[in-house]
Amino acid sequence: MAQPIIGAKSALSRSKKPGKSQAAAPAVTNAGQSAAAVQRLIIDEGGAGQRLDNFLIKVLKGAPKTLVYRIIRSGEVRVNKGRASADTRLELGDEVRVPPLRLAEKDEVKAAAVPAREFPILFEDEYLLAINKPAGVAVHGGSGVSHGVIEQLRRARPQAKFLELVHRLDKETSGILLVAKKRSALVTLQDFFRHRQAHKTYAALVIGAWPDHKKVVDVALHKFLTADGERRVKAVAEDNDDGRRSISLVKVVKRFEAFTLLDVTIKTGRTHQIRVHLSHEGHPIVGDEKYGDFALNKAMTRGDARFSRMFLHARYLRLPHPVSGEDLVLEAPVPPDCQSLLDVLP
């Protein structure tokens, strides 16, 4: 059967109101079942404010996006008994009619294969969850990754009506990651990130001696896909039409013979920003398999510390709480594997 629906309640689950028809069965069924039926969903706080297309993509687990847009265009999906467009914003209490659909059983098997997992909690209340993400775990599934943090959290918390990523971290990066537990909190927190009210600092160990005078890296970045379809980013000239201005503030924390430990605070949140900025300045991050020193990375895996990850850790985040507005300060200490490397470096 269908996975639990986020941001909606079945019409059967609420009190019966005069004149309202009730749903006979879930809208999504396995291919082997004899019949599918219409489902009517009532929008709750988790779904309020969402676009109709995005809401349906979540509800209809495994349904191709082409199917979702087709049933909207054809009028098979109704909002409050009327036709609606894909960009219709749903409001609290709206009734969404979803037509009978059949989806392959493999989609449910795939969803069931996601292992439930909790992560170290740095802060949690009814509005948001802050976790300490380990390196090597994607934040979400996609691009060859079957599942990530958010899918595992949803599996571990089946009673949660709403869990959504506020921002992202690279798979190879560890540290502070925010998850919203209410849509209102998600919108507010993302506004904070968009308007630079969220202050993020990362610990990065780079190759070589970072110059003391280099405190700001203000270099435009361009995101592109390789011939193999891999996402990459490169530094470009300021006047490049494809470039987006990107600013990183750099502070030396500790010097070693062949490395420098840095605090990097980002003023813009571009894809791979810190990794590309530091590499562009001639000091790539230790263990970076995309923009780093590949020979040195390989040597590090055989060294005294046997270090085999990227040394980039989101260690500090300060931003207003989405409801109270009070400063929320989050800190995640450098992970044991990174600390072990620092302990043996001359």
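As shown above, the structure is provided for reference.
Cut-offs applied
- Throughout this description, residue numbers start from 1 for each chain and increase along the sequence as written.
- Given that this is a predicted model, residues contribute local features only at a pLDDT of at least 70 and side-chain atom pairs are listed and counted only at 80 or more, while totals for whole chains, interfaces and linings are drawn from all residues.
- Excluded from the side-chain calculation are hydrogens and water; included are all heavy atoms of the structure.
- The secondary structure listing takes helices from DSSP runs of H or I that are at least 4 residues long and strands from runs of E that are at least 2 residues long, numbered from the N terminus.
- Residues count as neighbours in contact if any of their non-hydrogen atoms are within 4.5 Å of one another.
- Every accessible area reported is derived by Shrake-Rupley at a probe size of 1.4 Å, with residue values counting cover from the shown protein chains alone.
- Patch membership needs two things, relative accessible area over 30% and no salt bridge, and members are linked within 9 Å if like-charged or within 5 Å if nonpolar (Val, Leu, Ile, Met, Phe, Trp, Tyr).
- The working definition used for a salt bridge is a side-chain nitrogen of Lys or Arg within 4 Å of a carboxyl oxygen of Asp or Glu.
- Charge assignment in this entry is limited to Lys and Arg as positive and Asp and Glu as negative, and neither His nor the chain termini are counted.
- Charged side chains are reduced to one point each, which is NZ for Lys, CZ for Arg, CG for Asp and CD for Glu.
- Aromatic pairs are defined between Phe, Tyr and Trp rings, using the six-membered ring for Trp, whenever the two ring centres lie within 6.5 Å; interplanar angles under 30 degrees are classed as stacked, those over 60 as edge-to-face, and all others as tilted.
- The cut-offs for exposure are 20% and 50% of the maximum accessible area for each residue type, with area from a 1.4 Å probe on protein chains only; residues under the lower value are buried, those over the upper are exposed, and the others partly exposed.
- Should the NZ of a Lys or the CZ of an Arg lie within 6 Å of a ring centre and within 35 degrees of the ring normal, that charge is described as sitting over the ring.
- Being paired, for any two strands, means DSSP has found at least two bridges between them.
- In protein, a polar contact means a hydrogen-donor-capable atom and an acceptor-capable atom, both N or O and within 3.5 Å, with residues adjacent in sequence counting only if both atoms are side-chain atoms; elsewhere, any N or O pair within 3.5 Å suffices.

K.L.:
Just to check I follow, could you spell out the overall build of the protein chain for this structure?
P.N.:
Check the secondary structure of the protein chain and you find eight helices and 19 strands. Within the protein chain, counting contacts between residues at least 6 apart in sequence, those at least 24 apart form 64% of the total. By element, 50% of the accessible surface of the protein chain is carried by carbon and sulfur atoms, the whole surface being about 17500 Å².

K.L.:
Just checking my understanding: could you explain a negative patch on the surface for this structure?
P.N.:
A contiguous patch of negative charge, built from Glu-238, Asp-239, Asp-241 and Asp-242, is present on the exposed surface. When you line up the elements, Glu-238 lands in the loop between β15 (231-236) and β16 (247-255).

K.L.:
Teacher, can you tell me more about the packing of aromatic side chains here?
P.N.:
Pairs of aromatic rings are described using the distance from one ring centre to the other and the angle between the two planes. The final tally for this structure, using the stated rule, is one aromatic pair. Plain terms: the ring middles of Phe-307 and Phe-311 are 5.9 Å apart, the flat faces sit at 35° to each other, and that makes the pair tilted. You can call Phe-307 buried: its relative accessible area is 4%. Judged by its relative accessible area of 0%, Phe-311 falls in the buried class. Over the face of the ring belonging to Tyr-291 we find Arg-232, whose NZ or CZ atom lies 5.8 Å from the ring centre. Over the aromatic face of Phe-224 sits the side chain of Lys-234, whose NZ or CZ is 5.4 Å from the ring centroid.

K.L.:
How should the pairing of strand β8 (residues 121-124) be read in this particular structure?
P.N.:
Regular strands place their side chains on alternate faces of the sheet. In the sheet, β8 pairs with strand β9 (residues 128-133) via three bridges, with the strands oriented antiparallel. Counterpart to Glu-124 in the pairing with β9 is Leu-129. Joining the antiparallel neighbours β8 and β9 is a turn of three residues.

K.L.:
I would appreciate a short explanation of the side chain of Ser-248 in the present structure.
P.N.:
In this structure, Ser-248 sits in strand β16. Ser-248 gets classed as buried once you look at its relative accessible area, which sits at 1%. A distance of 2.9 Å separates a polar atom in the side chain of Ser-248 from a polar atom in the side chain of Gln-273. Apart from the residues lying within four places of it in its own chain, the contact partners of Ser-248 are Lys-215, Val-216, Val-217, Val-264, Thr-265, Ile-266, Gln-273 and His-277.

K.L.:
Just to check I follow, could you spell out unusual backbone geometry for this structure?
P.N.:
A negative phi holds for most residues other than glycine; trans holds for most peptide bonds. Residue Asn-80 is not a glycine yet carries a positive backbone phi of 55°. If you trace the backbone, Asn-80 turns up in the loop between β4 (78-79) and β5 (82-83). Asn-80 sits in the partly exposed class, given a relative accessible area of 43%.

K.L.:
I keep staring at the environment of Pro-120 and nothing clicks. Help me out?
P.N.:
With respect to the helices and strands, the residue Pro-120 is situated in the loop between α3 (105-112) and β8. Note: C-alpha distance between Pro-120 and Ala-130 (10 residues apart in sequence) is 8.6 Å. Leaving out residues up to four positions away in the same chain, Pro-120 has contacts with Ala-130, Ile-131 and Asn-132.

K.L.:
Where do I start with the pattern of salt bridges in this structure?
P.N.:
When the charged atoms of two side chains lie near each other, side chains of opposite charge can form a pair. One pass over the full model with this rule turns up 20 salt bridges. Arg-275 serves as the salt-bridge partner of Glu-172, at 3.6 Å between the closest nitrogen and oxygen. Taken together, the positions of Glu-172 in the loop between β10 (164-165) and β11 (174-180) and Arg-275 in helix α6 (residues 273-280) put the pair 103 residues apart, joining distant regions of the chain. A relative accessible area of 32% means that Glu-172 is categorised as partly exposed. Among the ionic pairs, Lys-290 bridges to Glu-230, the shortest N-O distance being 3.7 Å. Of the two residues, Lys-290 is situated in the loop between α6 and α7 (294-300) and Glu-230 in the loop between β14 (220-225) and β15; the sequence distance between them amounts to 60 residues. Note on Glu-230: relative accessible area 32%, which makes it partly exposed.

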